[in-house]
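The lines below spell out each chain.
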Amino acid sequence: MTDSGKWVSLFSGGKDSSWALYRALEAGLDVARLLTVHPGDDSYMYHVPETRLAGLAAESIGIELVEVEPDDLGAADADDASAQGDREVEPLEAALDALRSDLDGGLAGVTAGAVESEYQTCRIEAMCDRLGIDLFAPLWQRDPRELGEEMLAAGFEITIVQVAAGGLDESWLGRTLDADALDELAELNDAYGVHVLGEGGEFETLVTDGPHMDRPIELEYETVWEGTRGHIRVTDAWLGE
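Okay, so let's go over this structure. (Residues numbered from 1 in each chain as written. Predicted model: local features only at pLDDT ≥ 70, side-chain atom pairs only at ≥ 80, totals over all residues. Heavy atoms only, no water.)

Moving on, we come to the overall build of the chain. A tally of regular secondary structure across the chain gives 6 helices and 9 strands. Over its C-alpha atoms the chain spans a radius of gyration of 17 Å, differing by no more than 12% from the 18 Å that the globule rule assigns to 241 residues. For the chain, the spread of C-alpha atoms along the principal axes amounts to about 45 × 45 × 35 Å. Accessible surface for the chain amounts to roughly 10,900 Å². Of this, 40% is attributable to carbon and sulfur atoms. In the chain, which carries 15 positive and 52 negative side-chain charges, the distance between the mean positions of the two groups comes to 3 Å. (Helix = DSSP H or I, 4+ residues; strand = E, 2+ residues; numbered from the N terminus. Rg over C-alpha atoms; globule rule 2.2 N^0.38 Å. Areas by Shrake-Rupley, 256 points an atom, 1.4 Å probe, with all protein chains shown as cover. Lys, Arg positive; Asp, Glu negative; His and termini not counted. Charge placed at Lys NZ, Arg CZ, Asp CG, Glu CD.)

The subject of this paragraph is the environment of T176. Inspection of the secondary structure puts T176 in the loop between β6 (157-163) and α6 (179-192). Here T176 falls in the partly exposed class, since its relative accessible area comes to 43%. Here the alpha-carbon distance between T176 and D71, two residues 105 residues apart in the chain, equals 33 Å. (Buried < 20%, exposed > 50% of the residue type's maximum accessible area, 1.4 Å probe, protein only.)

It is worth spelling out the sheet that holds strand β4 (residues 107-111) at this point. Read from one edge to the other, the open sheet built from 5 strands follows the order β3-β2-β1-β4-β5, with strand pairing classed as parallel. Only two strands of the sheet have a single neighbouring strand rather than two, namely β3 (64-68) and β5 (134-136). Averaged over neighbouring strand pairs, the angle between their axes works out to 30 degrees when direction is ignored. Lying on the sheet, helix α3 (residues 81-99) is in contact with β1 (6-10), β2 (31-37), β3 and β4; it crosses β2 at an angle near 155 degrees. (Pairing = 2+ DSSP bridges. Axes fitted to C-alpha atoms, helices over the stretch in contact; angles between N-to-C directions. Contact = heavy atoms within 4.5 Å.)

This is how it looks when you write it as structure tokens:
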């Protein structure tokens with residue numbers, strides 16, 4: 001792995017990208033920027049719900065945030081998943097390429113929070129190859145239950161902000177992902193195939209506090225339920241004491 005240059009953390013504010021950032025900082029990587037892509041209402045590649053809260057998270061973490069605002073990615077109408085994923089990487093790659101001249105020492109690599117998704121990881125790896133940079137993916141091929149337990153043991157406070165899978169009802173919206181929730185998710189994995197960390201889009205999260213953050217994110221929200229899936233709609237958010 002490259003010894004010199006700056007790192008950019010691909011960051012949504014969710015647990016997986018936050019854990020990748022945290023582990024990168026623990027490993028001594030010089031993370032100079034967080035980068036958030038705001039994909040709109042749907043995406044094959046990116047975390048969708050409440051990405052605007054990444055700005056508050058970045059303020060608490062103390063690392064400058066770069067926000068990428070692509071045009072409508074067209075995911076809702078896509079009929080070719082492979083081509084759609086390739087298209088969605090383009091604005092991310094362009095943003096990273098543009099960052100090179102802004103980073104003292106150049107761009108060494110990016111961090112990513114993929115656990116098992118070949119779809120996402122192969123595209124990020126190919127992008128890194130084209131840019132000539134490294135990829136730090138500390139969650140890749142790890143046991144999801146062990147990862148969840150490590151996050152909790154480190155002091156991550158994780159809120160579930162979206163659900164879309166059998167067995168996950170409205171009561172999960174706004175719920176804290178704690179040891180009891182991990183136990184229930186393991187049971188739902190047996191019963192419905194729900195991924196324990198939501199890697200297949202079964203649920204999405206927001207890290208509201210952790211050892212890498214100086215101040216917690218406080219939220220006010222309402223829940224939106226659409227029969228078989230739902231999300232929280234944040235009405236106010238701020239950094240606590």
